[in-house]
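# Structure assessment
Take a look at the letters that make up each chain.
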Amino acid sequence: QVQLVESGGGLVQPGGSLRLSCAASDFSFNYYAIYWFRQAPGKEREGVSCISSSATRIYYTYYADSVKGRFTISRDNAKNTVYLQMNSLKPEDTAVYYCATDLVGTCDSTWKSDFWGQGTQVTVSS
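A quick note: this is a predicted structure, and the numbers were derived from the prediction, not measured.

## Observations regarding the sheet that holds strand S1 (residues 5-7)
Within a beta sheet, neighbouring strands are joined by backbone hydrogen bonds and run either parallel or antiparallel to one another. Pairing is antiparallel in the open sheet, where four strands are placed in the order S1-S3-S8-S7. Of all strands in the sheet, those with a lone pairing partner are S1 and strand S7 (71-76), marking the two edges. Across this sheet, the average inter-strand angle for adjacent strands is 15°, counted without regard to direction. Of the pairings in the sheet, the one linking strand S3 (residues 18-23) to strand S8 (residues 81-86) comprises six bridges and is antiparallel in character. Pairing of Leu-20 across the sheet is with Leu-84, part of S8.

What follows is the structure in structure tokens.
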């Protein structure tokens, strides 16, 4: 089974930036699509971003409308790691952020995911 570990969360002021990481030790991780979700207190879990894998190593990306132009998803195959660079952060971005995968190489329009990390807290506040 794939084990995912998120890191990089913390407290930041509005307009600031954070870089989240999702890491795994298994090389096969590089061939799975990886999703980022977030969940705020009292809110339903929201899909934030997804990055696909392909044989040509061209990675397609998807972003929720609420984060387009501010967040960037990327991956480093040598480190078995996916990143979420978050810029121009807003208080409404405050949530626990999770990475996840369904062991499939393409992003699923239903956001189906079977394996999850433990989550990392992001707090945007003055």
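## What to know about the pairing of strand S11 (residues 120-124)
Only one face of S11 is buried: it carries Thr-120, Val-122 and Val-124, and the other face, with Gln-121 and Thr-123, is open. Bridge count between strand S2 (residues 10-12) and S11: three bridges; the pairing is parallel. Its bridge partner being in S11, Val-12 is matched across the sheet by Val-124.

What counts and what doesn't
- Residues numbered from 1 in each chain as written.
- Predicted model: local features only at pLDDT ≥ 70, side-chain atom pairs only at ≥ 80, totals over all residues.
- Heavy atoms only, no water.
- Pairing = 2+ DSSP bridges.
- Helix = DSSP H or I, 4+ residues; strand = E, 2+ residues; numbered from the N terminus.
- Axes fitted to C-alpha atoms, helices over the stretch in contact; angles between N-to-C directions.
- Buried < 20%, exposed > 50% of the residue type's maximum accessible area, 1.4 Å probe, protein only.

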